[in-house]
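# Coordinates in review
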Amino acid sequence: MAAIGGEDNFESEAVGLGCALELFKEHEEVAQIIKRLPDVYRDSAILDITYERFIYILSQYQEQPHLLDPYLDTLLENLLNIGRDSSFPVGLRHKAFQFLYIVTKVRNYKVVVRHLPHEVADVEPVLSLLAEQDPFDHETWETRYILLLWLSIIVMIPFHMGRLDSNNKFNEGQKKPIMERISDVIKLYLSVGDKVQDAAAFLAARFITRPDVKEVHFFSFLKWTLKLFSLWKAFDYFFFPVCSMNLQVHATATPLLHLGPYISTFFTCMMDSIMHCPPCWAETILQAHNGMFPFLNYQNWSLLF
């Protein structure tokens, strides 16, 4: 899925510069930019200049992003401290997450996510921050993107999520169990058509495959995927990438024989999508189907019918 607005310019900012760099020489300037964010936030002109300067500096390291690594923890921590501090204006917090997204784009989200805080105590604050977001606000998608990535490393902590709810009684009006709240977040953002969908898919792949989550939510999530697949044509093929990703998650997370009752529905959805899509979509959909389960032998699939 394509990212939102302005990234082509970002990628062409400093073509050819990265190969000549040996260290992150602007790290002190970047630290000062982040430190001054609360002060410059009220002046939109200065804030825009500051943001563009930040982008320009980091764009020089696209070819050698590892040069950021010695400073990555500090950089992320300082931006997160702004983003999650409720005493700051909401707009400033969103701006901090925009800066975080630039770091993620340069260094790669799979690297950045490993440097995000991931303690058991982080689960509730991150879920609460996500609950405050408007999933359809296209001006603040970077906030939701980073929060979902953050949650994706938190859910990798080896603890049973049911224990977080052990002292709570979920009466009417109280919060749902943690596992159910995370599952709801994933479903919500897999259904929103912006860059956030990518982060939700990454989170889903990590969360749904947890042993304690599989016991409770795996097949309900699978049924939700199939329901979504049955609706995707009505939404101008918007949900197809979501459904394909979900099926990959399910296929990797459970033995093939356990998927038996659902295989027929999978292939019915696939063939139906190919038969009824516009000609311009046919090749794309066929490629997606072919890549959906590359590790499975189709002869084995046929034995399930």
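Residues numbered from 1 in each chain as written. Predicted model: local features only at pLDDT ≥ 70, side-chain atom pairs only at ≥ 80, totals over all residues. Heavy atoms only, no water.

### Structural notes on the packing of helix α9 (residues 178-190) against helix α10 (residues 196-207)
Where α9 meets α10, the closest approach of the two axes is 8 Å, and the angle between their N-to-C directions is 145 degrees. Our pair here, α9 against α10, has a crossing hand that is left-handed. Two secondary-structure elements touch here, α9 through Met 179, Ile 182, Ser 183, Ile 186, Tyr 189 and Leu 190 and α10 through Val 196, Gln 197, Ala 200, Ala 201, Leu 203, Ala 204 and Phe 207. Among the residues forming the contact of α9 with α10, the class breakdown is 11 nonpolar, 2 polar and no charged. (Axes fitted to C-alpha atoms, helices over the stretch in contact; angles between N-to-C directions. Helix = DSSP H or I, 4+ residues; strand = E, 2+ residues; numbered from the N terminus. Left-handed = near helix turned anticlockwise from the far one by under 90°. Contact = heavy atoms within 4.5 Å. Nonpolar A, V, L, I, M, F, W, Y, C, P; charged D, E, K, R; others polar.)

### Notes on unusual backbone geometry
Positioned with a positive phi, Asn 108 is a non-glycine residue whose angle comes to about 90 degrees. As for its position among the elements, Asn 108 is in the loop between α5 (90-107) and α6 (109-112).

### A word on the side chain of Asp 122
Relative to the helices and strands, Asp 122 resides in the loop between α6 and α7 (123-131). Here Asp 122 sits buried without a salt bridge, and the closest side chain of opposite charge, Arg 84, lies 4.3 Å off (N-O distance). (Buried < 20%, exposed > 50% of the residue type's maximum accessible area, 1.4 Å probe, protein only. Lys, Arg positive; Asp, Glu negative; His and termini not counted. Salt bridge = Lys/Arg side-chain N within 4 Å of Asp/Glu carboxyl O.)

### Some thoughts on helix α2 (residues 27-40)
The terminal C-alpha atoms of α2, which comprises 14 residues, lie 19 Å apart, in line with the 20 Å expected from a rise of 1.5 Å per residue. At Ile 34, α2 is deflected by roughly 30 degrees, the largest bend along its length, and proline Pro 38 occurs up to four residues later in sequence. Close packing links the buried residues of α2 with α3 (44-59), α4 (69-83) and α5. (Expected span 1.5 Å × (residues − 1). Bend = angle between axes of the 7 residues up to and from the residue.)

### With respect to the nonpolar core
Grouped together as the largest cluster of nonpolar side chains are 77 residues, with contacts concentrated most on Phe 54, Val 103, Leu 148, Leu 151, Ile 182 and Phe 207. If sequence neighbours within four positions are ignored, Leu 151 has contacts with Val 126, Leu 127, Leu 130, Ile 182 and Leu 203. (Core = buried A, V, L, I, M, F, W, Y, C linked by side-chain atoms within 4.5 Å.)

### Here's the deal with the environment of Ala 96
Mapping Ala 96 onto the fold places it in helix α5. Ala 96 sits 17 residues away from Leu 79 along the chain, and the two C-alpha atoms are 5.6 Å apart. Residue contacts for Ala 96: discarding those within four places in its chain leaves Leu 79, Ile 82 and Gly 83.

### Considerations on the side chain of Arg 107
Locating Arg 107 in the fold gives a position in helix α5. Using a relative accessible area of 12% as the deciding quantity, one classes Arg 107 as buried. From its side chain, Arg 107 meets the backbone oxygen of Pro 65 in a polar contact 3.4 Å long. Residues within four places of Arg 107 in sequence aside, it is in contact with Pro 65, His 66, Asp 69, Leu 72 and Val 112. (Polar contact = N/O pair within 3.5 Å; in protein donor to acceptor, adjacent residues only side chain to side chain.)

### A short note on the confidence of the model for the protein chain
The predicted model of the protein chain has a mean per-residue pLDDT of 78, with 65% of residues at 70 or higher. Low confidence marks residues 1-6, where pLDDT is under 50. Its contacts with residues over four positions away, or in another chain, come to 9 contacts. Low pLDDT (under 50) marks residues 12-18, which in the prediction has 10 contacts with non-local residues, meaning those over four places away or in another chain. (pLDDT = per-residue confidence, 0-100.)

### Remarks on α7
Within the sequence span of α7, burial applies to Val 123, Val 126, Leu 127, Leu 129 and Leu 130. In an axial view of α7, the angular spread of the buried residues amounts to 160 degrees, which keeps them on one side of the axis. Against the buried residues of α7 lie α5, α8 (141-154) and α9. (Arc of directions from axis to C-beta.)

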